[in-house]
Amino acid sequence: MTTNEHDAARSNVSATELPFETQQLRAALSGFLDQIYTLPDRKKIRLGAVVWGVYAFFDYDGEPIYVGQTKERIGTRIRRHLTNQRTDAVAMNVLDPFEVHSITVWPLPEFQSERTSNATAKAHLNALEHAVFRQLLKQSEFNAVLNEKNPPEPTVNIQMPASISGSIVSKEVSRLRDHPDLRIAHRAATLAKLAQVISERKVQKGLRHTLLAQAQRLQALAQRRYDHAADMPEDSGDE
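Residues numbered from 1 in each chain as written. Predicted model: local features only at pLDDT ≥ 70, side-chain atom pairs only at ≥ 80, totals over all residues. Heavy atoms only, no water.

### Comments concerning the overall build of the protein
- If you tally the helices and strands in the protein, you get 8 helices and 6 strands.
- What you see in the protein, going N to C, is helices and strands ordered as α-α-β-β-β-β-α-α-β-α-β-α-α-α.
- Taking all 239 residues of the protein together, the buried fraction comes to 41%. (Helix = DSSP H or I, 4+ residues; strand = E, 2+ residues; numbered from the N terminus. Buried < 20%, exposed > 50% of the residue type's maximum accessible area, 1.4 Å probe, protein only.)

### Regarding the sheet that holds strand 5 (residues 102-107)
- A sheet is described by the order of its strands in space; here 4 strands give the open sequence 4-3-5-6, paired in antiparallel fashion. Among the strands making up the open sheet, the edge pair consists of strand 4 (64-70) and strand 6 (164-167). Between one strand and the next, the sheet's axes are offset by a mean angle of 15 degrees, whatever the strand orientation.
- Where strand 5 meets strand 6, 4 bridges bridge the pair, whose relative direction is antiparallel. Looking at strand 6, one finds that Ser102 is bridged to Ser167.
- Each of strand 3 (53-58), strand 4 and strand 5 touches helix 5 (residues 119-139); the most contacted strand, strand 4, lies at about 175 degrees to it. (Pairing = 2+ DSSP bridges. Axes fitted to C-alpha atoms, helices over the stretch in contact; angles between N-to-C directions. Contact = heavy atoms within 4.5 Å.)

### Focus: the pattern of salt bridges
- This structure, assessed with the given rule, holds 11 salt bridges.
- The salt bridge partner of Glu99 is Arg187, with a shortest N-O separation of 3.0 Å. With Glu99 in the loop between helix 4 (88-91) and strand 5 and Arg187 in helix 7 (residues 180-199), this pair connects stretches of sequence that are 88 residues apart. Neither Glu99 nor Arg187 differs from the other in exposure class; each is buried.
- It is possible to trace a salt-bridge network through shared partners that takes in Asp59, Glu99, Arg187 and Arg217. (Salt bridge = Lys/Arg side-chain N within 4 Å of Asp/Glu carboxyl O.)

### Concerning the packing of aromatic side chains
- Applying the stated criterion across every chain yields a total of 3 aromatic pairs.
- When the ring of Tyr55 is compared with that of Phe57, the centres are 5.5 Å apart and the planes differ by 40 degrees; the resulting orientation is tilted. Of the two residues, Tyr55 and Phe57, both sit in the buried class.
- Within the aromatic cluster, the residues linked to one another by ring pairs are Tyr55, Phe57 and Tyr66. (Phe/Tyr/Trp six-rings, centres within 6.5 Å; stacked < 30°, edge-to-face > 60°.)

### As for the nonpolar core
- If you look at the biggest cluster of nonpolar residues, it comprises 38 residues, and the most contacted ones within it are Phe57, Ile78, Ile103 and Val105.
- When contributions to this core are tallied by element, the ones reaching two or more residues are helix 2 (20-33), strand 3, strand 4, helix 3 (74-82), helix 4, strand 5, helix 7 and helix 8 (205-228).
- No other element matches helix 2, which puts 5 residues into this core.
- When residues no more than four places from it in sequence are discounted, the contact partners of Ile103 are Leu29, Phe32, Ala56, Phe57, Ile78, Leu82, Ile164, Ser165, Gly166 and Ile168. (Core = buried A, V, L, I, M, F, W, Y, C linked by side-chain atoms within 4.5 Å.)

### Describing the pairing of strand 4
- Most of strand 4 sits inside the fold, with 6 of its 7 residues counted as buried.
- Note that strand 3 and strand 4 share 6 bridges and pair antiparallel. Paired with Ala56 across the strands is Val67, a residue of strand 4.
- Connecting strand 3 to the antiparallel partner strand 4 that follows it, the hairpin turn spans 5 residues, and Gly62 within it adopts a positive phi of roughly 80 degrees.

### Remarks on the side chain of Gln214
- Here Gln214 shows up in helix 8.
- A residue is classified by how much of its surface remains accessible, and Gln214, at 3% relative accessible area, is buried.
- Residues in contact with Gln214, not counting those within four places in the same chain, are Glu99, Leu146, Arg187, Thr190 and Leu191.

### Comments concerning the packing of helix 7 against helix 8
- Where helix 7 meets helix 8, the closest approach of the two axes is 10 Å, and the angle between their N-to-C directions is 160 degrees. The angle between the axes of helix 7 and helix 8 places the two elements in the roughly antiparallel class. In the crossing of helix 7 with helix 8, the sense of the turn from one axis to the other is left-handed. Of the residues in helix 8, those touching helix 7 at Pro180, Asp181, Arg183, Ile184, Arg187, Ala188, Thr190, Leu191, Leu194, Ala195, Val197 and Ile198 are Leu207, Arg208, Thr210, Leu211, Gln214, Ala215, Arg217, Leu218, Leu221, Ala222 and Arg225. (Parallel < 35°, antiparallel > 145°, perpendicular 65-115°, else oblique. Left-handed = near helix turned anticlockwise from the far one by under 90°.)

Keep in mind that these numbers describe shape and distance, not what the molecule does.
Here it is, written out as structure tokens:
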């Protein structure tokens, strides 16, 4: 194909056709949310159609970065975070969808038919979010996630339900995103935007804690990258 032919082919791409990376990410997310989930009454539905539950996002190092709850369908809530249907966490630069490599969800199927105002269901949902949050803090290298608020203290005792995990990043997209220098650049940009948000408004202490946690994550990744370069000669970079 000549250069002119290549340019013509590129210009003929449909205005509604998504870029390759976006297509891949949406397909992987759909694959995760479309898997079959069995309710207590043995009825089978899509995992994304489960109404009540808690979810967590993990980065390319397996580090937990965000915990949330939903009572409007797991799939709806997760898609809002990851497909540019803005949530507060994304709009405030607390969560960068670029960082999300995998997801874990903890469904509460016993409340599938309950209204969102059901007090018992809400108490169990809050207790589950609190339990997941505390569990992931222990797993975190930094004893931190990027949530700007801690979950409410539980008012009921619960047993942790079985969780379901999966990656939403294909091998092809991973090759485009997982290089540590690229991740440092994205993380630094997110940190700068969050700092800008904080500088422009009166914020709660939790958002400052998120800024600190993101700075620690950036420093740790940059440190690992520097350590890997320890044996490189000083003049090995580009001129």
